[in-house]
Amino acid sequence: MTWDPRSLPDLSGRVYLVTGSNAGLGYFASEQLVRAGARVLMSGRHPNRLSAARAAIRRRVPDASPDATEPLILDTSNLGSVRSAAASVRGRGGLDGVLFNAGIVHPPRSRETTIDGHEVVFATNALGHFALGGELLTALAVSAGRMVWVGSMSTALTPYDPVDPQLTTRYSAWRSYVQSKVATAALGFEADRRLRAAGVPVESVVAHPGYSTGGRTPGIVGVNEPSRAKRFRDNLQAAFAQSKEHGAWPLVRALADPEVAGGEFWGPKTGSRGIPTRQNPSKITHDPEVGARMWAFAEAAAGVKWPFAEAAASART
Ligand SMILES: NC(=O)c1ccc[n+]([C@@H]2O[C@H](COP(=O)([O-])OP(=O)(O)OC[C@H]3O[C@@H](n4cnc5c(N)ncnc54)[C@H](OP(=O)(O)O)[C@@H]3O)[C@@H](O)[C@H]2O)c1
C-alpha cells in the first residue's frame, strides 16, 4: 500500500493517546490523526496548554467532531501522574495506539531529579513511558493496538551505552538526552521481543522525526509561536531541517499504517527530513543485551512489571 502522509486512510472509530500533545511533534501527530477521523486523548502536564492545543485543532480541522479530542493530564516525569492517567484511560476500554512522544529536548545544564528521585531527562523521556506502556498494556491488547516509542538520530551520532542510565556521574546535557533516547529505543525493541514471546497481540515500533524545528513550522497561536530571530536561524538550516508538521509524519505512520510491523524503525527518508520510510536503527539500540539490561533497570526504577500474561488473556476474551 502506498502511504501519503498528507492524506491518511480513514481512522474513524480508532482511539489514540499521544503524550506531550500540546506542542511540537505531539501536537501535529494529534492533528493529523484527528484529520483522519480518529479520536485522540491529548495528554500534557498543563491544562491551559492542552486547551490551547485542542482549540487549535478545532480551528484547523473544522469538520472534526466536537469530541475528537479529549484532554488528559499526564506528567511523564512523575510516576504517580502516569499511574492515575493510565487508570482513567483503562476505564474507557480499548486503545488502538499510544505515541510515547513527550520529551525534554533541551536538558538542564546540571543534573536534576524528579519528585520520585530519578534523573529528570531519563525519567521524562524513557522511564515514564516504560511505566505507561505497562499500565496500558491490557487496554492495548484488547484492541490489538500498537505503541510507538520516539527515538532520535542522535543515537547514531553518539551511541552512548547507558551503563549508568541515571547519570549519577559524568552528567552533561547532551549525554543525558542521547542516553535517554538510546534507552527509549532499546526499550521499544525489547518490548517487541517480549510481546512476541508472550503472544500478546500488541506491536511495539520505534520511530524518529529527523531534525524538525519550530522555526520551520507553521505559526499556531498557543502551540508554535517562534520569534523572528528563531525563524531566521532555523531557515538557515533549510537544507536539512524540516517542520514539526512533517516530522510527525513517520510517528503517525508508525502508529497507524497496517503494513508497519512490530520491531521496525521508521524515520524521514534522508534521515533528517522527508517522507516516512523504514530504516535501520543504530546498533546499540537494537542490541538484545542492552535491551534486556535496560528492561531490568526500568522495572526496578519504575516499580512496574508489564502484565504480559494478563494482557495475552484479555486479548483472547
Ligand atoms: N524535534 C526534533 O528534531 C526531534 C528529533 C529527535 C527526537 N525528537 C523527540 O520528539 C519528541 C518531541 O519533541 P519536540 O521537538 O516536539 O519537542 P517540543 O516541541 O519541546 O515538545 C515537547 C512536548 O513534550 C512535553 N513534555 C515535556 N516534558 C513533559 C513532561 N514531564 N510530561 C509531559 N509532557 C512533557 C512538552 O510539554 P510542555 O509544553 O508542558 O513542556 C511538549 O508538549 C521528544 O521525545 C524528542 O526527544 C525530536
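Residues numbered from 1 in each chain as written. Predicted model: local features only at pLDDT ≥ 70, side-chain atom pairs only at ≥ 80, totals over all residues. Heavy atoms only, no water.

Enquirer: Even after reading the chapter, I still don't get the overall build of the chain, so can you show me in this structure?
Expert: A count of helical and extended segments in the chain gives 11 helices and eight strands. Taken over the C-alpha atoms alone, the chain extends approximately 50 × 45 × 40 Å along its principal axes. Every one of the 317 residues in the chain was classed for burial, and the buried ones make up 56%. Across the chain, every contact between residues at least 6 apart in sequence was considered, and the portion connecting residues at least 24 apart equals 75%. Just so you have it, the chain exposes about 13200 Å², and 52% of that area is on carbon and sulfur atoms. Across the chain, the centroid of the 36 positively charged side chains sits 6 Å from that of the 27 negatively charged ones. (Helix = DSSP H or I, 4+ residues; strand = E, 2+ residues; numbered from the N terminus. Buried < 20%, exposed > 50% of the residue type's maximum accessible area, 1.4 Å probe, protein only. Contact = heavy atoms within 4.5 Å. Areas by Shrake-Rupley, 256 points an atom, 1.4 Å probe, with all protein chains shown as cover. Lys, Arg positive; Asp, Glu negative; His and termini not counted. Charge placed at Lys NZ, Arg CZ, Asp CG, Glu CD.)

Enquirer: Explain the site of the ligand to me, please; I cannot follow it from the model alone.
Expert: Neighbouring the ligand are 27 residues; R45, R49, N101, Y177 and K244 lie closest to it. A distance of 2.7 Å separates an oxygen atom of the ligand from a polar atom in the side chain of Y177. If the ligand stood free it would expose 900 Å²; the protein chains cover 88% of that surface. Taken together, the elements giving at least two residues each to the shell around the ligand come down to helix 1 (24-35) and helix 6 (173-198). Among the residues forming the shell around the ligand, the class breakdown is nine nonpolar, 13 polar and five charged. (Near = heavy atom within 4 Å. Polar contact = N/O pair within 3.5 Å; in protein donor to acceptor, adjacent residues only side chain to side chain. Nonpolar A, V, L, I, M, F, W, Y, C, P; charged D, E, K, R; others polar.)

Enquirer: How should the nonpolar core be read in this particular structure?
Expert: As a rule of thumb, nonpolar side chains are buried together in soluble globular proteins. In terms of nonpolar packing, the biggest core is built from 52 residues, with L17, L95, V98, L132, L136, M147 and W306 touching the most fellow members. Every element with two or more residues in this core is listed here: strand 1 (15-18), helix 3 (79-90), strand 4 (97-100), helix 4 (120-142), strand 5 (146-150), helix 6, helix 10 (288-302) and helix 11 (308-316). Top element by residues in this core is helix 4. It accounts for 11 residues. In this structure, M147 is in contact with V98, F100, G133, L137, L140, V202, E203, S204, V205 and W306, ignoring residues within four places of it in sequence. (Core = buried A, V, L, I, M, F, W, Y, C linked by side-chain atoms within 4.5 Å.)

Enquirer: I tried to follow the sheet that holds strand 7 (residues 265-268) on my own but got confused; where do I start?
Expert: Strand pairing in a sheet relies on backbone hydrogen bonds, with the paired strands running either antiparallel or parallel. The sheet built from eight strands is open, its strands ordered 3-2-1-4-5-6-7-8 with mixed pairing. Only two strands of the sheet have a single partner each, and these edge strands are strand 3 (69-73) and strand 8 (276-278). Adjacent strand axes in the sheet meet at a mean angle of 25 degrees when their direction is disregarded. Alignment of strand 6 (residues 203-207) against strand 7, held across two bridges, turns out to be parallel. When the sheet's bridge partners are listed, V206 is paired in strand 7 with F265. Across the sheet, helix 1 is in contact with strand 1, strand 2 (39-44), strand 3 and strand 4; its angle to strand 2 comes to roughly 165 degrees. Helix 2 (residues 47-60) rests against strand 2 and strand 3 of the sheet, and its axis sits at about 165 degrees to strand 3. (Pairing = 2+ DSSP bridges. Axes fitted to C-alpha atoms, helices over the stretch in contact; angles between N-to-C directions.)

Enquirer: Whenever I open this one, helix 2 confuses me. Can you help?
Expert: In an α-helix, one turn spans 3.6 residues; hence positions three or four apart end up facing the same way. With 14 residues, helix 2 ought to run about 20 Å at 1.5 Å a step, and its terminal C-alpha atoms sit 20 Å apart, in line with that. Among the structural elements, helix 1, strand 2 and strand 3 are those in contact with the buried residues of helix 2. (Expected span 1.5 Å × (residues − 1).)

Enquirer: Could you clarify how one ought to interpret helix 1 in this entry?
Expert: Over its 12 residues, helix 1 extends 17 Å from the first C-alpha to the last, a length consistent with the 16 Å expected when each residue adds 1.5 Å. In terms of burial, helix 1 is a largely internal element, 11 of the 12 residues being buried. Summarising the contacts, the buried residues of helix 1 are in contact with strand 1, strand 2, helix 2, strand 3, strand 4 and helix 8 (244-256). After helix 1 finishes, the residue G37 shows a positive phi value of roughly 100 degrees.

Enquirer: It is not clear to me how the packing of helix 4 against helix 6 should be interpreted in this structure. Could you clarify?
Expert: Relative placement of two packed helices is described by the angle separating their axes and the distance separating the axes. Where helix 4 contacts helix 6, the axes come no closer than 7 Å and their chain directions differ by 20 degrees. What the angle tells us is that helix 4 and helix 6 run roughly parallel. By crossing handedness, the relation of helix 4 to helix 6 is classed as right-handed. For the pair helix 4 and helix 6, contact is made by V121, F122, N125, A126, F130 and L137 and by S176, Y177, S180, K181, A183, T184, L187 and L195, respectively. Looking at the contact of helix 4 with helix 6, its residues break down into nine nonpolar, four polar and one charged. (Parallel < 35°, antiparallel > 145°, perpendicular 65-115°, else oblique. Left-handed = near helix turned anticlockwise from the far one by under 90°.)

Enquirer: Please clarify how unusual backbone geometry should be interpreted in this entry.
Expert: With glycine set apart, most residues show a phi of negative sign, and most peptide bonds adopt trans. In the Ramachandran plot, A144 falls in the positive-phi region, its phi being about 45 degrees despite a non-glycine side chain. With respect to the helices and strands, A144 occurs in the loop between helix 4 and strand 5. Non-glycine residue L167 carries a positive phi angle of around 45 degrees. Along the chain, the position of L167 falls in the loop between helix 5 (154-157) and helix 6.

Enquirer: Any chance you could explain a nonpolar patch on the surface here in plain terms?
Expert: On the surface, M153, Y211 and F240 cluster together to form a nonpolar patch covering roughly 250 Å² of accessible area. Note on M153: relative accessible area 31%, which makes it partly exposed. (Patch = residues over 30% accessible without salt bridge, like charges linked within 9 Å, V, L, I, M, F, W, Y side chains within 5 Å. Salt bridge = Lys/Arg side-chain N within 4 Å of Asp/Glu carboxyl O.)

Enquirer: Even after reading the chapter, I still don't get the pairing of strand 4, so can you show me in this structure?
Expert: Along any regular strand, the residues point their side chains to alternate faces of the sheet. With burial as the criterion, each face of strand 4 is covered, one bearing G97 and L99 and the other bearing V98 and F100. Pairing geometry for strand 1 and strand 4, over three bridges, is parallel. Each residue of the ladder has a partner; that of L17, found in strand 4, is V98. When strand 4 meets strand 5, the two strands line up parallel, connected through four bridges. Within the sheet, the bridge partner assigned to L99 lies in strand 5 and is V148. Read from strand 4 through helix 4 to strand 5, the crossover connection turns out right-handed. (Right-handed = clockwise from strand over helix to strand, strands pointing away.)

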